[in-house]
Each structure stands twice: as structure tokens, then as C-alpha cells.
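Take a look at the letters that make up each chain.
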Amino acid sequence: MPELPEVESIRRTLAPVLEGRVVLSCEIRHPRMIRYQRGDLRSRILGHRIERVRRAGKYLLAELDGERLWVTHLGMSGRVEVTEHLGEEGPHTRVVIGLDDGREFRLIDPRTFGFIQVLTPEEIGASGVGRLGPDALDALPPAAELERMLSRRRAAIKTVLLDQTVVAGVGNIYADEILHRAGISPVRQAGGLDDREVSRLRSSVGPVLREGLRWNGTSLEDRAYLLPDGRAGEFAAKLRVYGRQDQPCLTCGTPIRRLVIGGRSSFWCPQCQI
DNA sequence: ACCTCCCTGGCC
DNA sequence: GGCCAGGGAGGT
């Protein structure tokens, strides 16, 4: 499931390939992939040049000429491939965008939770990208501000970490890893954390995400997430709690527990995380 | 600030 | 044959 480290890994491989290219064709194989979108995506993207490939939270962004923003969200199971036009096409290829160098940007997404948009500047504010909080990797709010944001929340800290309007880019896997590093139980009320805990939480975000990025993200058994060139991310081997129910905590040996918080599986060590 | 919905491969 | 994974958006 592509979270910030996965999307950033993808962005780094894609940027040199996509920047400067012009979009020559756009084939939408599955209509659900185009949503939350006014106007016709095809006519909005055709003929436009990709100036720069960026990322915000879990969104992959391509700035086009004419002030348009091509937004790709990979959802749960989305994957990007850039290959030669004649390259063999796998199942679940949902959108194919042809480029002027003969290559194709292909969005593969079995569950179709991902989506593509092309937005005008006026549309960005009300869209998902426009409502993102500060980026978890490069714009984390100062401790005092973060504490103020959390203090007003009654929900579990795990739930608040997943709220993209608070901090953008943290998903289910990294939220658990961050909370473990910070020594905070995922069920704790966000507003009930003291300033030392908020400070520990804040200083755990960067190291966990950067470590994930260093290993090109987390490819699980299902290999739903792969880099654009087909390589797997290696961070799964480094996970300290996520997916490790009943296995000994790597810090203290206590069996890792699983519980569902806000509809999401959460893994934590009852000894290390208070 | 909460709940519901969408979707399909893989597993029991 | 039924259940599970879970991101974001939109509705209440």
C-alpha cells in the first residue's frame, strides 16, 4: 500500500523519465479511475508537457504546462509502470498515458481505489491534494503547533496520524512503526498526550519514513506495491510491529498485539508502548 | 468529527 | 462461498 516512502520512491524513479515529455495519448480502461474530476481528463492532459514531477503526502503530482496539475493517487493497490509502447501489458492496467518518446505511463490497480485527476489551479484548493496538512517528510509542524493540533482531538492517536489534513503521507503501516518508535500506544487519545510524548512522536516520524525510503518502501507478500521498474521495496524486512501479531517485540520480546482502531489493523507492543 | 462506501485477489 | 485488506471522499 503506497504511503509516503513508497510514493517518494516511485517519484524518484519517475521524475527523470517523465520530466520534459509531452502527453500524446490517454486511454482510460476503467472509468472509476477518473473521479473527483470536473471536465474531461483526456482533453485536459493531451498535448501538455510535463514540467516537473512532485509529491505531496501520498499524492504523486506532475506539473503540466498551462498551470495544470496531473494528480495520481495509488490508493490501496495502485502501481505505476513506464514501459515501451509495445511492452507486454499485464492484467488490471486501468489507465495508459502515451508519451512523446514512445513510452507509456501505465496505472495498474486491481482494486481501483486509486485515481487520476487533472486539476486547474482553482480546483486544487477544494481537492484532496489541496486539503493536505504539512508533509510528514519535509514540513512537519513545529512541536508546539503539533501539540495544539492534537490537543483538540478526542480520537485515538493512531486515527489522528492517519488523518491527512493533520500530517500528510502517513498510512497504516508507518503509523504503527512511528508509534512503536515513540513508545506510545495506538489507542491513546490524541489530546491526552503530554508534551514529552508529542515531542517523541514528532521526532519519530522523520526517522521511520526516511528509513522506509532508504529501502524503497514496503512490498508485502502480495507484492501489490512495486517500483515502476518492477523491483520490490525492502522495508518489509525491517518492520518492527506491523504484521507481526504474536511474534516477539524486537525490543523487549513481549508478543506483539493486534487490534482494530478506526477500522484499521493496528499492531503494537503492550510493553514498549504505553 | 464521525460513518459509509467503493473494489477484487487471495485466503479460510 | 464468504470474508478481509483499507485509502479518500462525501454525506450526516
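Quick look at the structure, then. Computed from a predicted model, the values in this text were never measured in an experiment.

**Topic: the state of the cysteines**
Scanning the entire structure with this criterion turns up zero disulfides. Counting only cysteine sulfurs, cysteine 269 is the nearest neighbor of cysteine 252, a cysteine outside any disulfide, at a range of 3.6 Å. Residue cysteine 252 is classed as partly exposed on the basis of its relative accessible area of 34%.

**Notes on the pairing of strand S10 (residues 264-268)**
Summarising the sheet, strand S9 (residues 257-261) and S10 pair through five bridges and their orientation is antiparallel. Looking at S10, one finds that isoleucine 261 is bridged to arginine 264. The turn joining S9 and S10, which pair antiparallel and follow one another in sequence, is formed by two residues; a positive phi near 55° is taken by glycine 262.

**What to know about the nonpolar core**
The biggest cluster of nonpolar side chains holds 36 residues, and the ones touching the most others in it are Leu150, Ile157, Ile178, Leu201 and Leu209. Residue contacts for leucine 150: discarding those within four places in its chain leaves Ile157, Val160, Ala190, Gly191, Leu193, Val198 and Leu201. Grouped together as the second largest cluster of nonpolar side chains are 29 residues, Leu64, Val80, Phe105 and Tyr225 included.

**Focus on the sheet that holds strand S6 (residues 93-99)**
The four strands are arranged S1-S6-S7-S5 in an open sheet whose pairing can be described as antiparallel. The open sheet has two edge strands, strand S1 (23-28) and strand S5 (79-84), and neither has a second partner. Adjacent strand axes in the sheet meet at a mean angle of 20°, parallel and antiparallel pairs treated alike. Bridge analysis of S1 against S6 gives five bridges, and the strand direction is antiparallel. Residue pairing for S6: isoleucine 28 is matched across the bridge by valine 95.

**Examining the protein's contact with DNA strand C**
As a structural note, the neighbourhood of DNA strand C is formed by 17 residues, with Tyr36, Phe113, Tyr242, Arg258 and Arg264 the closest of them. A distance of 3.0 Å separates a phosphate oxygen of DNA strand C from a polar atom in the side chain of serine 265.

**Some remarks on the packing of aromatic side chains**
In this structure the tally under the stated criterion is five aromatic pairs. Between tryptophan 70 and phenylalanine 105, the ring centres sit 4.8 Å apart and the planes meet at 70°, which makes this aromatic pair edge-to-face. Of this pair, tryptophan 70 sits in strand S4 (residues 68-73) while phenylalanine 105 sits in strand S7 (residues 103-108); the two residues are 35 residues apart in sequence, bridging distant segments of the chain. Note on accessibility: tryptophan 70 and phenylalanine 105 belong to one class, buried. These aromatic residues form a ring-pair network of at least three members: Tyr36, Tyr59 and Phe115. Stacked on the ring of tryptophan 215, the Lys or Arg lysine 238 has its end atom at 4.3 Å from the ring centre.

**Some words on the protein's contact with DNA strand B**
The full set of residues close to DNA strand B is Arg32, His92, Pro110, Arg111, Thr112, Phe113 and Ala155. Counting only the atoms of DNA strand B within 4 Å of the protein, the fraction contributed by sugar and phosphate is 64%. Considering only residue class, the surface near DNA strand B consists of three nonpolar, two polar and two charged.

**Considering the sheet that holds strand S3 (residues 59-64)**
Pairing within the open sheet is antiparallel, and its four strands lie in the order S2-S3-S4-S8. The sheet is open, and its two borders are formed by strand S2 (50-56) and strand S8 (115-119), each paired with just one other strand. For this sheet, the mean inter-axis angle between neighbouring strands, taken without regard to orientation, is 20°. Here six bridges tie S3 to S4, and the two strands are oriented antiparallel to one another. Note on S4: the bridge partner recorded for tyrosine 59 is histidine 73. Running at roughly 170° to S2, helix H1 (residues 4-18) makes contact with S2 and S3 of the sheet.

Reading the values: the criteria
Every residue gets a number counted from 1 within its own chain, in the order that chain's sequence is written. All chains are assigned letters beginning with A, and all ligands numbers beginning with 1, in the order in which they are written. Given that this is a predicted model, residues contribute local features only at a pLDDT of at least 70 and side-chain atom pairs are listed and counted only at 80 or more, while totals for whole chains, interfaces and linings are drawn from all residues. Side-chain calculation: all heavy atoms of the structure are included, whereas hydrogens and water are not. Count a disulfide wherever a pair of cysteine sulfur atoms falls within 2.5 Å. Buried, partly exposed and exposed residues are distinguished by accessible area as a fraction of the type maximum, computed with a 1.4 Å probe on protein chains only: under 20%, between the cut-offs, and over 50%, respectively. Two strands pair under a simple rule: DSSP has to find at least two bridges between them. Strands here mean DSSP runs of E at least two residues long; helices mean DSSP runs of H or I at least four residues long; both are numbered from the N terminus. As used here, the term nonpolar core means buried Ala, Val, Leu, Ile, Met, Phe, Trp, Tyr and Cys residues forming a set that is joined through side-chain atoms within 4.5 Å. Any two residues whose heavy atoms approach within 4.5 Å are treated as being in contact. Lines fitted to the C-alpha atoms define the axes, with helices restricted to the stretch that makes contact. Angles between their N-to-C directions range from 0 to 180 degrees. Note on terminology: near, applied to a residue and a molecule or strand, indicates that one of the residue's heavy atoms is within 4 Å of it. Two N or O atoms form a polar contact when they lie within 3.5 Å of each other; inside protein one atom must be a possible hydrogen donor and the other a possible acceptor, and for residues adjacent in sequence the pair counts only when both atoms belong to side chains. What counts as a ring pair is set by centres within 6.5 Å for rings of Phe, Tyr and Trp (its six-membered ring), and what kind of pair is set by the plane angle: stacked under 30 degrees, edge-to-face over 60, tilted for all other angles. Lysine NZ or arginine CZ positioned within 6 Å of the ring centre and within 35 degrees of the ring normal marks a charge as sitting over the ring. Each residue receives one of three labels: charged for Asp, Glu, Lys and Arg, nonpolar for Ala, Val, Leu, Ile, Met, Phe, Trp, Tyr, Cys and Pro, and polar for the others, Gly being one of them.

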